[in-house]
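Residue strings, one per chain:
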Amino acid sequence: MTEWKSAELDAVGRAGELRIAGRRKDGTLRKLIIIWAVRVNDSLYVRSVNGPDAAWFRGTQSAGEGRIESGGVTKDVMFVRDDSVDEEIDAAYRRKYGSGSAVRAITSDLAISTTLRVDPK
């Protein structure tokens, strides 16, 4: 596995939004969708506010790979289910995006069930 470069991690971690696309089994990319992402330590995490039925989330599952664009960084990535730091991810979402209804949704049990670590390829 490749590690994030510090500058990439900083740029994506600071950006307000992230564009994400899963890769189909034939290698082509799906449409880029805007979502929220947070940094916890030296990793990036995303969740589906609409749970596992959201089209973008399902698209990350077919090949487990895709692409992100955020903060001036474009990167091919792997999506890895990771529930080891869910409380820290919840806190990171609250710090970055506040405490409104959207943050309550992204920290709900439904969204937590879709937590993905985004690893560079």
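In the block above lies the structure referred to throughout.
Residues numbered from 1 in each chain as written. Predicted model: local features only at pLDDT ≥ 70, side-chain atom pairs only at ≥ 80, totals over all residues. Heavy atoms only, no water.

1. Overview of the pairing of strand 7 (residues 116–120)
Regular strands have side chains that alternate between both faces of the sheet.
Consideration 1: Burial runs high along strand 7: five of the five residues are buried.
Consideration 2: The side-chain alternation of strand 7 yields two buried faces, one formed by Leu116, Val118 and Pro120 and the other by Arg117 and Asp119.
Consideration 3: The pairing of strand 4 (residues 43–46) with strand 7 spans three bridges and is classified as antiparallel. Residue Leu44 lies in a different strand from strand 7, and its bridge partner there is Val118.
Consideration 4: Relative to strand 7, strand 6 (residues 73–81) runs antiparallel, the two being bridged by five bridges. Among the inter-strand pairings, Met78 is bridged to a residue of strand 7, identified as Asp119. (Buried < 20%, exposed > 50% of the residue type's maximum accessible area, 1.4 Å probe, protein only. Helix = DSSP H or I, 4+ residues; strand = E, 2+ residues; numbered from the N terminus. Pairing = 2+ DSSP bridges.)

2. Concerning helix 1 (residues 6–14)
Consideration 1: Residues Glu8, Leu9, Ala11 and Val12 constitute the buried set of helix 1. Seen from one end, helix 1 has its buried residues packed into an arc of 165 degrees, which puts them on one side. Exposed residues lying more than 90 degrees from the buried face of helix 1 are Ser6, Ala7 and Arg14.
Consideration 2: Against strand 1 (18–22), strand 3 (37–40), strand 4, strand 5 (65–70), strand 6 and helix 3 (86–97) lie the buried residues of helix 1. (Arc of directions from axis to C-beta. Contact = heavy atoms within 4.5 Å.)

3. Focus on the pairing of strand 3
Consideration 1: Sheet analysis places strand 3 next to strand 4, joined by four bridges and oriented antiparallel. Paired with Val38 across the bridge in strand 4 is Tyr45.

4. Details of the environment of Ser84
Consideration 1: By secondary structure assignment, the location of Ser84 is in the loop between strand 6 and helix 3.
Consideration 2: The sequence separation of Ser84 and Thr115 amounts to 31 residues, and the corresponding C-alpha distance is 9.7 Å.
Consideration 3: Here Asp82 takes part through its side chain, which lies 2.6 Å from a polar atom of the side chain of Ser84. (Polar contact = N/O pair within 3.5 Å; in protein donor to acceptor, adjacent residues only side chain to side chain.)

5. Here's the deal with unusual backbone geometry
Consideration 1: You will see that Asn41, though not glycine, has its phi angle at about 55 degrees, which is positive.
Consideration 2: Turning to its location among the elements, Asn41 is positioned in the loop between strand 3 and strand 4.

6. Focus: the sheet that holds strand 2 (residues 33–35)
Consideration 1: Sheet architecture is open: seven strands sit in the order 2-1-5-6-7-4-3, paired in antiparallel fashion. Single-partner strands in this sheet number two, and they are strand 2 and strand 3. Neighbour to neighbour, the strand axes of the sheet diverge by 40 degrees on average, direction disregarded.
Consideration 2: In this sheet, strand 6 lies alongside strand 5 in antiparallel orientation, the contact comprising six bridges. Pairing of Arg67 across the sheet is with Asp76, part of strand 6.
Consideration 3: Lying on the sheet, helix 3 is in contact with strand 3 and strand 4; it crosses strand 3 at an angle near 120 degrees. (Axes fitted to C-alpha atoms, helices over the stretch in contact; angles between N-to-C directions.)

Note that every value here comes from positions in space, so none of it alone points to a role or purpose.
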